[in-house]
Amino acid sequence: MTTSTQDKPVSNGVNTEALIGARGVFAEMPQAASFTFRSNCDWVDGSESRNTINGYFGLGEEHIRKQTFVISSDHPAVFSATDRAPTPPEIALSALASCLTGGIAAVAQHRGIQLRKVQAVVEGDMDMRGILGMDPDIRNGFSAVRVTFNIDADASDDDIRALVAQSQKRSTVFDLMTNPTNVHVVVA
């Protein structure tokens, strides 16, 4: 972490004025704050699948994105797969890193802190005996997740730690990973 003095305007690429404006709108119209995000997943072959993401419901209506995003997943050869894409747990770790990192940029912008570099290393520990059904006492998911940030910014170490703490507090994906979420699976 680096500390220096800030004399010029901060530009971290986040329009915090718009975010603050959204808070005002949602305070007046709470129903507009209800969003539904979607991903459509198609099986490709073996353990490979392809997710397409385009469109969501929010602000009381459907929205179409400017482009369709594709996220593929697979498993490594050590699991007798084709290793054409990251595993779903790796995608979950990258989602956590992206959410926290984006939050740091937004909080830094709002607090007038110029960022020069933000890098997150995320690791998750998993005992494969759980997903292979070998031991019912071993969970299928991560037993631990660690996030380490390397941040270069015009701020004190305490201010940088506060950025990370606030990002963690507001992170959707951190919340998903650390709190129970109702998940309903049905067959159409």
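Per an unreviewed UniProt entry, the chain carries the name OsmC-like protein and comes from Roseibium album.

**Student:** Honestly, unusual backbone geometry in this entry has me stumped. Any pointers?
**Tutor:** Outside of glycine, negative phi angles account for most residues, and trans bonds account for most peptide bonds. Even without being a glycine, Ser80 presents a positive backbone phi close to 60°. Even without being a glycine, Asp83 presents a positive backbone phi close to 55°. Its place among the elements puts Asp83 in the loop between strand S6 (69–73) and helix H2 (88–111).

**Student:** Honestly, the pattern of salt bridges in this entry has me stumped. Any pointers?
**Tutor:** Close approach of charged atoms allows side chains with opposite charge to pair. Summed over all chains, the structure comprises nine salt bridges. Across the salt bridge formed by Asp154 and Arg116, the nearest N and O atoms sit 2.4 Å from each other. Of the two residues, Asp154 is situated in the loop between strand S8 (144–153) and helix H4 (157–170) and Arg116 in strand S7 (residues 115–125); the sequence distance between them amounts to 38 residues. Judged by relative accessible area, Asp154 falls into the buried class, the value being 12%. Where salt bridges share partners, they join Glu48, Arg50 and Arg84 into one cluster.

**Student:** So what exactly am I meant to see when it comes to the sheet that holds strand S4 (residues 56–58) here?
**Tutor:** Two modes of strand pairing occur in sheets, parallel and antiparallel, and in both the strands are linked by backbone hydrogen bonds. Strand order in the open sheet formed by three strands is S1-S4-S5, with antiparallel pairing between adjacent strands. Edge positions in the sheet fall to strand S1 (36–37) and strand S5 (61–63), since each of these pairs with one other strand and no more.

**Student:** Before we go on, may I ask you to explain the packing of helix H1 (residues 16–28) against H2 in this structure?
**Tutor:** The axes of two packed helices give the description: the angle between them and the distance between them. Interaxial distance between H1 and H2 falls to 9 Å at its minimum, and their mutual angle equals 95°. Between H1 and H2, the angle falls in the class roughly perpendicular. Between H1 and H2, the residues in contact are Thr16, Leu19 and Ile20 and Ala106, Gln109 and His110, respectively. Across the contact of H1 with H2, the residue classes break down as three nonpolar, three polar and no charged.

**Student:** How should I be thinking about the nonpolar core in this particular structure?
**Tutor:** Inside soluble globular proteins, nonpolar side chains tend to come together where they are buried. Ranked by internal contacts, the top residues of the largest apolar core, which has 19 residues, are Ile104, Ile113, Leu115, Ile151, Ala153 and Leu163. Counting only elements with at least two residues in this core, the list comes to H2, S7, S8 and H4. Of the residues forming this core, the biggest block, eight residues, is contributed by H2.

**Student:** When you look at the pairing of strand S3 (residues 48–53) in this model, what are you seeing that I'm missing?
**Tutor:** For a regular strand, side-chain orientation follows a simple rule: the groups alternate between the two sheet faces. Bridge count for strand S2 (residues 40–45) against S3 is five bridges, and the pairing is antiparallel. Residue pairing across strands places Asn40 opposite Thr52, the latter belonging to S3. Of the pairings in the sheet, the one linking S3 to S6 comprises five bridges and is antiparallel in character. Along S6, the bridge assignment pairs Thr52 with Val70.

**Student:** How do you make sense of the layout of surface pockets when you look at a structure like this?
**Tutor:** Once rolled over the atoms, a probe with the size of a water molecule shows which space is left empty. In this structure, the second largest pocket encloses a volume near 260 Å³. Together, 15 residues line the second largest pocket, and Phe79, Thr87, Pro89, Glu90 and Met128 are the ones closest to its centre. Every element with two or more residues in the lining of the second largest pocket is listed here: H2 and helix H3 (128–131). Classifying every residue of the lining of the second largest pocket by side-chain character gives 10 nonpolar, three polar and two charged. Here the lining of the second largest pocket spans two domains, and each of domain 1 (12–85) and domain 2 (87–179) adds at least three residues to it.

**Student:** Can you help me understand the packing of aromatic side chains in this one?
**Tutor:** Two aromatic rings, taken as a pair, are described by how far apart their centres are and by the angle between their planes. If you walk through the whole model with that rule in mind, you get three aromatic pairs. With a centroid separation of 6.0 Å and 15° between ring planes, the pair formed by Phe35 and Tyr56 is classed as stacked. Note that Phe35 is positioned in the loop between H1 and S1 and Tyr56 in strand S4, a separation of 21 residues in sequence. These aromatic residues form a ring-pair network of at least three members: Phe35, Phe37 and Tyr56.

How each quantity is defined
- Residues numbered from 1 in each chain as written.
- Predicted model: local features only at pLDDT ≥ 70, side-chain atom pairs only at ≥ 80, totals over all residues.
- Heavy atoms only, no water.
- Helix = DSSP H or I, 4+ residues; strand = E, 2+ residues; numbered from the N terminus.
- Salt bridge = Lys/Arg side-chain N within 4 Å of Asp/Glu carboxyl O.
- Buried < 20%, exposed > 50% of the residue type's maximum accessible area, 1.4 Å probe, protein only.
- Pairing = 2+ DSSP bridges.
- Axes fitted to C-alpha atoms, helices over the stretch in contact; angles between N-to-C directions.
- Parallel < 35°, antiparallel > 145°, perpendicular 65-115°, else oblique.
- Contact = heavy atoms within 4.5 Å.
- Nonpolar A, V, L, I, M, F, W, Y, C, P; charged D, E, K, R; others polar.
- Core = buried A, V, L, I, M, F, W, Y, C linked by side-chain atoms within 4.5 Å.
- 1 Å grid on protein atoms, 1.4 Å probe; cavity = no way out; pocket = protein on both sides within 12 Å on 5 of 7 lines; lining within 4 Å.
- Points joined across faces, edges and corners; volume = space filled by probe spheres on them.
- Domains from an automatic or database assignment.
- Phe/Tyr/Trp six-rings, centres within 6.5 Å; stacked < 30°, edge-to-face > 60°.

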